[in-house]
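Architecture and fold: a report
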Amino acid sequence: MSLSSFFSSFLPVVHADAPEENQIKGEQEQKEEEPTEEAEAAEEPEEEEEPEDIHPAIREECQETAKCAPLTKHFQHCQEKVSAGEGYKGEDCVEELFHMMHCVDACAAPKLFSKLR
C-alpha cells in the first residue's frame, strides 16, 4: 500500500473541472467590451502632487528646544568622539540617540498631529 493510496482512503480526491466553452466565450466578450487600462489612464487627469512632509522640519525645531538641545549636543559629542576613534573599543552612541529621539518625538507628536487633517 502506497502512502498516497493510504491518505486517499481517508480523504476524498477532488479534481478541478475544466471551464465550459461558453464561459470562456463570455469572458472574452466582456474583455472586448471593457476599455483597456491604458485608454482609461489617458482619459484621467494627472494625480495631485503629495503635500510636503512637515515632520522633518518639526523634528529639527524640537531638537533646538531648551528641553532637547542638551540631549542633541550630547549625542553629537558622542558621534564626534567615536568617529575620531577616541571612544572605547566597540562604543556606539545608540543610547544617546534613543534619549534624544525620545525627547524629540515627545515634542513633535502634538505639533504634528495638530497640523494633520
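Residues numbered from 1 in each chain as written. Predicted model: local features only at pLDDT ≥ 70, side-chain atom pairs only at ≥ 80, totals over all residues. Heavy atoms only, no water.

The name given to the chain in an unreviewed UniProt entry is Ubiquinol-cytochrome C reductase hinge domain-containing protein, with Serpula lacrymans var. lacrymans as the source organism. You can read under Sequence similarities (unreviewed entry) in the UniProt record for the chain the words "Belongs to the UQCRH/QCR6 family." Database annotation for the chain, UniProt heading Subcellular location (unreviewed entry): "Mitochondrion inner membrane". (UniProt positions renumbered as here; feature names shortened; annotations may be inferred.)

Of regular secondary structure, the chain possesses six helices and zero strands. Reading the secondary structure of the chain in the N-to-C direction produces α-α-α-α-α-α. A separation threshold of at least 6 residues defines the contact pool for the chain, and within that pool the share at least 24 residues apart is 62%. Surface accessibility of the chain: about 10,800 Å² in total, with carbon and sulfur atoms responsible for 53%. (Helix = DSSP H or I, 4+ residues; strand = E, 2+ residues; numbered from the N terminus. Contact = heavy atoms within 4.5 Å. Areas by Shrake-Rupley, 256 points an atom, 1.4 Å probe, with all protein chains shown as cover.)

So, on to the side chain of Glu-96. Tracing the backbone shows Glu-96 in helix α6 (residues 94-115). Buried charge without a salt bridge: Glu-96, with Lys-81 as the nearest opposite-charge side chain at an N-O distance of 6.7 Å. Residues within four places of Glu-96 in sequence aside, it is in contact with His-74, Phe-75 and Cys-78. (Buried < 20%, exposed > 50% of the residue type's maximum accessible area, 1.4 Å probe, protein only. Lys, Arg positive; Asp, Glu negative; His and termini not counted. Salt bridge = Lys/Arg side-chain N within 4 Å of Asp/Glu carboxyl O.)

Turning our attention to the state of the cysteines. Evaluation of the coordinates by the stated rule reveals three disulfides. Residue Cys-62 pairs covalently with Cys-107 via a disulfide, S to S 2.3 Å. Linking Cys-62 and Cys-107, the disulfide has an S-S dihedral of approximately -75° and is accordingly described as left-handed. Placement of the pair is Cys-62 in helix α4 (residues 55-63) and Cys-107 in helix α6, with a sequence separation of 45 residues. (Disulfide = S-S within 2.5 Å.)

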